[in-house]
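Residue-level listing of the chains:
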Amino acid sequence: MIKKFGGAFCAMLITCVFGVSARTQSKSSDGGCAGPVYESKDVARRARILQYPDTSVLSEVAAQYGFHGTIKADAVLCRSGYVTDVRLTPKLPENLDTFVKFTVGSTRFTPAELDFHSVSQRMKFELSINEVGNHEDEIDPANAEGRLIERVEIIGNRRLDHSQIVGWIKTRPGDSYHQNQINRDLRAILTTNYFDKRQTTMRLEQGARGGVAVILEVVEVPTINRITFQGLPIDSSTVLAKLDSQLKMRTGTPFQADDVQPAISTIKQLLESNGKRLTNVYVNTERLDAMTINITFVITN
């Protein structure tokens, strides 16, 4: 079972590889899955993946470490509904190790079954982080001007459907290719704020009939579930109103990492206007799942 995600900054390949040994017992020392753990061939119904992990945050952290390559993870899809006993190769720096385990752990699934009971099952992941895709048919836009557009393909979308994204762009199959129009379409996509501005790209591939294929690779950003504060010395409603009016940052809206620093500056300015000087503000984020995030602004003296 293979699931592939496109993306210029991060391409992810998750391969579910199941072993051939018989029933084994989990002996994790990190508070892992209790009870027997089975291989896929030993269960009546294999675990079913409902949502694969999102690697957008992981890829940014890995880039800070200068890491690119394939990370392999052995894990258990525990009957409790959690991913446990995550073991990684190769050995990674401590903080990056933590982010990888968190990413793998965000996988949503329904547990395997045996004798009409939920049981735990082993699984292997392979994550290709920050590797440049090998697009053999990719062509230079300079060689595509005026050629027939044979198809427009959108890949990587998870929450937004194909028709909704197509509605934001004007390029259509049957049109002539013009780079200026592609640039306008890309800007139209990014101004919706639903997509990561650094990772969402358009590229071209050779068409089957001598034309070109326009490939839009999107990376959706998570939606803000909740904004909270720690150590805030003024009424939070005032700060929330300011974040909304200046940055459109509120619950239910897409979260852009680029908005974090402007949000911190906004909070500091608001605190200073209320006589609260010499304060530090930083942000904690909590990914509830691949498409939802909680934001906490921590204020200290």
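Here's what I pulled together on the structure shown here.

Criteria and cut-off values
Residues numbered from 1 in each chain as written. Predicted model: local features only at pLDDT ≥ 70, side-chain atom pairs only at ≥ 80, totals over all residues. Heavy atoms only, no water. Core = buried A, V, L, I, M, F, W, Y, C linked by side-chain atoms within 4.5 Å. Buried < 20%, exposed > 50% of the residue type's maximum accessible area, 1.4 Å probe, protein only. Helix = DSSP H or I, 4+ residues; strand = E, 2+ residues; numbered from the N terminus. Contact = heavy atoms within 4.5 Å. Phe/Tyr/Trp six-rings, centres within 6.5 Å; stacked < 30°, edge-to-face > 60°. Axes fitted to C-alpha atoms, helices over the stretch in contact; angles between N-to-C directions. Parallel < 35°, antiparallel > 145°, perpendicular 65-115°, else oblique. Left-handed = near helix turned anticlockwise from the far one by under 90°. Salt bridge = Lys/Arg side-chain N within 4 Å of Asp/Glu carboxyl O. Pairing = 2+ DSSP bridges.

1. Observations concerning the nonpolar core
One broad rule of soluble globular proteins: the nonpolar side chains tend to lie buried together. Ranked by size, the top nonpolar core spans 28 residues in total, and within it Leu 96, Val 100 and Val 104 carry the most contacts. Sorting elements by how many residues they give to this core places strand E10 (residues 117–129) first, with five residues. Beyond its immediate chain neighbours, meaning those up to four positions away, Leu 96 contacts Leu 58, Val 61, Ala 62, Tyr 65 and Phe 67. Grouped together as the second largest cluster of nonpolar side chains are 20 residues, Ala 144, Leu 160, Ile 189 and Met 202 included.

2. What about the packing of aromatic side chains?
Working definition: an aromatic ring pair is given by the centre-to-centre distance plus the angle between the planes. For the structure shown, the criterion picks out three aromatic pairs. Relative to Tyr 194, the ring of Trp 168 has its centre 5.9 Å away and its plane inclined at 15°; by these criteria the two rings are stacked. Highlighted residues: Trp 168 in the loop between helix H3 (162–166) and helix H4 (179–190) and Tyr 194 in the loop between H4 and strand E12 (201–206), separated in sequence by 26 residues. Accessibility expressed as a relative area gives 25% for Trp 168, which makes it partly exposed.

3. A few points about the packing of helix H1 (residues 56–64) against helix H2 (residues 94–105)
For the pair H1 and H2, the least separation of the axes is 10 Å and the interaxial angle reads 165°. Taken together, the axes of H1 and H2 are roughly antiparallel relative to one another. Pair H1 / H2 crosses with left-handed handedness. Contacts between H1 and H2 involve Val 57, Leu 58, Val 61 and Ala 62 on the former and, on the latter, Leu 96, Phe 99, Val 100 and Thr 103.

4. Quick look at the pattern of salt bridges
Under the counting rule described, the total for this entry stands at 10 salt bridges. A salt bridge links Lys 41 to Asp 42, with the shortest nitrogen-to-oxygen separation between them at 3.1 Å. Exposure remark for Lys 41: the relative accessible area of 47% places this residue in the partly exposed category. With a relative accessible area of 24%, Asp 42 lands in the partly exposed category.

5. Points about the sheet that holds strand E14 (residues 223–230)
The strand order across the open sheet formed by three strands is E14-E16-E15, and the pairing between neighbours is mixed. Strand pairing shows two members of the sheet lacking a second neighbour, E14 and strand E15 (280–289), which therefore form its edges. With direction set aside, neighbouring strand axes in the sheet form an average angle of 20°. Pairing of E15 with strand E16 (residues 292–300), which is carried by nine bridges, proceeds in the antiparallel orientation. Bridging from a neighbouring strand, Arg 287 pairs with Ile 293 of E16. Helix H5 (residues 236–247) rests against E14 and E16 of the sheet, and its axis sits at about 140° to E14.

6. Digging into the environment of Thr 223
Inspection of the secondary structure puts Thr 223 in strand E14. Here Thr 223 falls in the buried class, since its relative accessible area comes to 19%. In this structure the C-alpha to C-alpha distance between Thr 223 and Gln 256, which are 33 residues apart in sequence, comes to 9.2 Å. Leave out the neighbours within four places in its chain, and Thr 223 touches Arg 159, Gly 252, Thr 253, Pro 254, Met 291, Thr 292 and Ile 293.

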